[in-house]
Amino acid sequence: MPQTLDVIQAAVTSYQEGKKTIDEVILESVIEARNACEINGNQSQECAVAWDIVEELQAERSHRKQATKIQTSLDHYCYLHPEAAECRVYDV
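Residues numbered from 1 in each chain as written. Predicted model: local features only at pLDDT ≥ 70, side-chain atom pairs only at ≥ 80, totals over all residues. Heavy atoms only, no water.

A few words now on the overall build of the protein chain. Within the protein chain, the regular secondary structure consists of four helices and zero strands. In sequence order, the secondary structure elements of the protein chain are arranged as α-α-α-α. For 92 residues, the compact-globule estimate of 2.2 N^0.38 gives 12 Å, and the protein chain exceeds it by more than 25% at 20 Å. With respect to the three principal axes, the spread of C-alpha positions in the protein chain is 60 × 35 × 15 Å. Out of the 92 residues in the protein chain, the part that is buried amounts to 25%. Across the protein chain, the fraction of contacts at a sequence separation of at least 24, relative to all contacts at a separation of at least 6, is 48%. Total accessible area on the protein chain stands at roughly 7200 Å², and carbon and sulfur atoms take up 53% of it. When the 8 basic and 16 acidic side-chain charges of the protein chain are each reduced to a single mean position, those positions are 5 Å apart. (Helix = DSSP H or I, 4+ residues; strand = E, 2+ residues; numbered from the N terminus. Rg over C-alpha atoms; globule rule 2.2 N^0.38 Å. Buried < 20%, exposed > 50% of the residue type's maximum accessible area, 1.4 Å probe, protein only. Contact = heavy atoms within 4.5 Å. Areas by Shrake-Rupley, 256 points an atom, 1.4 Å probe, with all protein chains shown as cover. Lys, Arg positive; Asp, Glu negative; His and termini not counted. Charge placed at Lys NZ, Arg CZ, Asp CG, Glu CD.)

The structure is reproduced here in structure tokens:
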């Protein structure tokens, strides 16, 4: 039986190669984390590491969603032309 961390690493690698979505990898990682806790106990190091990986993957998904949010046309314009007068931000 493969080690939990090996299974999670394989899932992350397949995501990086574009074979799986981040949601699929998170689901697989949650399943593996539960298995690790069931086999090794809730206080085991392997259980803690597996859940840390799940948290990191969820954070990655959150950051990607924020980065790909639909911007307003002004946001897009200011991204392309940060020096434009409309895009200047003044501290008061």
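Now that the structure is up, let's keep going.
Counted under the stated rule, the structure contains three salt bridges. Among the salt bridges present, the one from R61 reaches D23, with a minimum N-O distance of 2.7 Å. A residue pair is termed long-range when its members are at least 10 positions apart, and R61 in helix α3 (residues 45–67) and D23 in helix α2 (residues 22–40) qualify at 38 residues. For D23, a relative accessible area of 43% gives the class partly exposed. (Salt bridge = Lys/Arg side-chain N within 4 Å of Asp/Glu carboxyl O.)

Next up on the list: the state of the cysteines. As enumerated under the stated definition, the model contains two disulfides in all. Each sulfur in the disulfide pair C37 and C47 lies 1.8 Å from the other. Judged by the sign of its S-S torsion, about 75°, the bond between C37 and C47 is right-handed. Within this pair, whereas C37 is found in helix α2, its partner C47 is found in helix α3, the two being separated by 10 residues in sequence. Side by side, C37 and C47 carry an identical accessibility label, which is buried. (Disulfide = S-S within 2.5 Å.)

A word on the nonpolar core. Formed by 13 residues in total, the largest nonpolar core has its most connected members in V12, I22, V25, I26, A50 and L57. Counting residues per element, the ones that place at least two in this core are α1 (4–16), α2 and α3. Looking at which element gives the most residues to this core, the answer is α2, with six residues. Excluding its chain neighbours within four sequence positions, the residues that come into contact with V12 are V25 and L57. (Core = buried A, V, L, I, M, F, W, Y, C linked by side-chain atoms within 4.5 Å.)

What follows deals with the environment of G18. Relative to the elements of secondary structure, G18 occurs in the loop between α1 and α2. For G18, a relative accessible area of 62% translates into the label exposed.

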